[in-house]
Amino acid sequence: RSLRMRHKRPALIMEDRTTVLAIETSCDETAVAILCEGTEVLASEVASQIDIHRDFGGVVPEVASRNHLLRIRPVIEKALHSAGLTLEELDAFAATAGPGLATALLVGNTSAKALALATGKPFFSVNHMEGHLLSPFIGSNEAIPANLSLIVSGGHTMLIDVGGFNQYTLCGQTLDDAAGEAYDKVGRMLDLPYPGGPEIDRLAASGNREAFDFPRSMMRRPNGEFSFSGLKTSVLYTLKKLEGPVENHLADLCASFQEAVVDVLVHKTLRMAREKGRRLITVSGGVSCNRRLREAFGEACQREGIDLLLAAPAYTTDNAAMIAYVAAHRLRHGLTSPLDENVNPNLPLATPAS
Ligand code: KG4
Ligand code: ZN
């Protein structure tokens, strides 16, 4: 009863509902989320450092970790406030353990461990990629169904065959740049603000997707591998040969580049789903909020009669709700982590199929 008096969202608070607070600081976002019973996101706060790193044209690890240190407490407090909970009312704590920037990971990971230690509650060490992988299911209280998953972010482009929770097999990944990295590098070539992904998405909307014929690397190869560095070079050569100012071609360049990326991603994901006999495709990661990517996946899956589940736009780029969601599943499976488990900048998610 006293809880009801004190909290802003009393309707959500029931005595038997487990709450998890998760912290995500693998790159340049200081994120804290609170999840209830694995289904209800009570709070998902993201403090972005993009404005700080923009001047450098990319994320500077040392700058990122210093800013995580400055922001972590206020962001935790903000999340508690939005959820209408106090620290003592939480049941478990979780944090990203990797992959990511070591010094950035340490801030969130150590904070969550300290909270778990101080409150005597369990701690869950979570793989950032598993967060992205399961993010399309946030809000669902069901067991994770079998699916073929594409994760497209700034650091990764990978296809994973998912048998269920904790059953992940890597089908293939990029051999060079991640898709988001290609967006950001092409953005830099076009003098667009960092990160290039959202800018290209916006500009491409008014461009002609067929204006430039950019290469679709690895498209015909029947595996899960990708390569985007040739596409990036091709954009560079095209820019050198361009007649007139780049501004006159900007929308067409963005639309054509984007179409090449999207084409390969959709084509190879659908082929892998067919090969693995999966009837559900999931797509997650920062690039998955791209409008053309979402549209093209929608069209292709409808054509093939395959179900499609895209991460909600708010959970595509880095956030802590996806980390809390994985923790909620681990809680259910009794998979807690020891407090001396280290962070790992190269933490693998899944082993390649043998
Ligand atoms: O998942 P994320 O936040 O961080 C990593 O774990 O890497 O992904 C960030 C990436 C950046 O490369 C950014 O340019 C890209 O996602 N991105 C987009 C869009 N929004 C973010 N790329 C294409 N279209 C977008 N709308
Ligand atoms: Zn990410």
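Above this text sits the structure in question.
Residues numbered from 1 in each chain as written. Chains lettered and ligands numbered in written order. Predicted model: local features only at pLDDT ≥ 70, side-chain atom pairs only at ≥ 80, totals over all residues. Heavy atoms only, no water.

Examining the overall build of the chain
Helix and strand counts for the chain stand at 11 helices and 11 strands. Its C-alpha atoms give the chain a radius of gyration of 21 Å, near enough to 20 Å, the size a compact globule of 354 residues would have. Taken over the C-alpha atoms alone, the chain extends approximately 70 × 45 × 35 Å along its principal axes. In the chain, which comprises 354 residues, the proportion classed as buried is 55%. (Helix = DSSP H or I, 4+ residues; strand = E, 2+ residues; numbered from the N terminus. Rg over C-alpha atoms; globule rule 2.2 N^0.38 Å. Buried < 20%, exposed > 50% of the residue type's maximum accessible area, 1.4 Å probe, protein only.)

Some words on the sheet that holds strand E1 (residues 19-24)
The strand order across the open sheet formed by 5 strands is E3-E2-E1-E4-E5, and the pairing between neighbours is mixed. In the strand order of this sheet, the two ends are held by strand E3 (40-48) and strand E5 (123-127), each with one partner. Recorded for the sheet is a direction-independent mean angle of 20° between the axes of neighbouring strands. Sheet topology note: the E1/strand E4 (residues 92-98) ladder contains 4 bridges and is parallel. Note on E4: the bridge partner recorded for Val 20 is Ala 92. Packed on one face of the sheet, helix H3 (residues 61-83) meets E1, strand E2 (29-36) and E3 and runs near 155° to E3. Relative to E5, helix H11 (residues 321-332) is tilted by about 120°, and along the sheet it contacts E1, E2, E3, E4 and E5. (Pairing = 2+ DSSP bridges. Axes fitted to C-alpha atoms, helices over the stretch in contact; angles between N-to-C directions. Contact = heavy atoms within 4.5 Å.)

Let's talk about helix H10 (residues 291-304)
Taking 1.5 Å of rise per residue, the 14 residues of H10 would be expected to cover 20 Å, and the 20 Å separating its terminal C-alpha atoms lies within 8% of that figure. All buried positions along H10 are accounted for by Arg 292, Leu 293, Arg 294, Ala 296, Phe 297, Ala 300 and Cys 301. Those residues of H10 that are buried are in contact with strand E6 (147-152), helix H9 (250-276), strand E9 (280-284) and strand E10 (307-310). Sitting at the head of H10, Asn 290 places a side-chain oxygen 3.1 Å from the backbone nitrogen of Arg 292. Positive backbone phi, approximately 70°, marks Gly 305, located one or two places after H10. (Expected span 1.5 Å × (residues − 1). Polar contact = N/O pair within 3.5 Å; in protein donor to acceptor, adjacent residues only side chain to side chain.)

Considering the nonpolar core
In terms of nonpolar packing, the biggest core is built from 46 residues, with Phe 257, Leu 265 and Phe 297 touching the most fellow members. Listing elements by their share of this core, those giving two or more residues are E6, helix H6 (179-189), helix H7 (196-204), helix H8 (229-241), H9, E9 and H10. Tallying contributions element by element places H9 first for this core, with 14 residues. Grouped together as the second largest cluster of nonpolar side chains are 35 residues, Leu 35, Val 126, Ala 320 and Val 326 included. (Core = buried A, V, L, I, M, F, W, Y, C linked by side-chain atoms within 4.5 Å.)

Here we look at the site of ligand 1
Looking at ligand 1, there are 19 residues lining it, with Gly 154, Asp 184, Asp 201, Gly 286 and Asp 318 nearest. In this structure, an oxygen atom belonging to ligand 1 sits 2.8 Å away from a main-chain N or O atom of Gly 154. One nitrogen or oxygen atom from the main chain of Gly 180 is found 3.2 Å from an oxygen atom belonging to ligand 1. Burial of ligand 1 by the protein chains amounts to 88% of its free accessible area of 560 Å². Looking at the shell around ligand 1, the elements with two or more residues in it are helix H5 (128-134), H6 and H7. Counted by class, the shell around ligand 1 contains 5 nonpolar, 11 polar and 3 charged residues. (Near = heavy atom within 4 Å. Areas by Shrake-Rupley, 256 points an atom, 1.4 Å probe, with all protein chains shown as cover. Nonpolar A, V, L, I, M, F, W, Y, C, P; charged D, E, K, R; others polar.)

Some remarks on the coordination of the zinc ion (ligand 2)
Distances from the zinc ion (ligand 2) to its protein donors, namely His 128 (NE2), His 132 (NE2) and Asp 318 (OD), fall within the range 2.0 to 2.1 Å. Metal-centred angles of 92 to 137° between the 4 donor atoms at the zinc ion (ligand 2) mark the site as irregular. All donor residues of the zinc ion (ligand 2) come from one chain, and their arrangement in sequence is H-x3-H-x185-D. Highlighted residues: His 132 in helix H5 and Asp 318 in the loop between E10 and H11, separated in sequence by 186 residues. Exposure remark for Asp 318: the relative accessible area of 16% places this residue in the buried category. (Donors = N, O, S within 2.8 Å, 3.2 Å for Na, K, Ca; no water. Tetrahedral: all angles 85-135°; square planar, octahedral: opposite > 155°, others 65-115°.)

Thoughts on the pattern of salt bridges
Pairing between side chains of opposite charge can happen when the charged atoms of each approach one another. Summed over all chains, the structure comprises 16 salt bridges. Asp 177 is the partner of Lys 185 in a salt bridge, and the nearest nitrogen-oxygen pair spans 3.2 Å. Linked through salt bridges whose partners overlap, the residues forming this network are Asp 177, Glu 181, Lys 185 and Lys 232. (Salt bridge = Lys/Arg side-chain N within 4 Å of Asp/Glu carboxyl O.)

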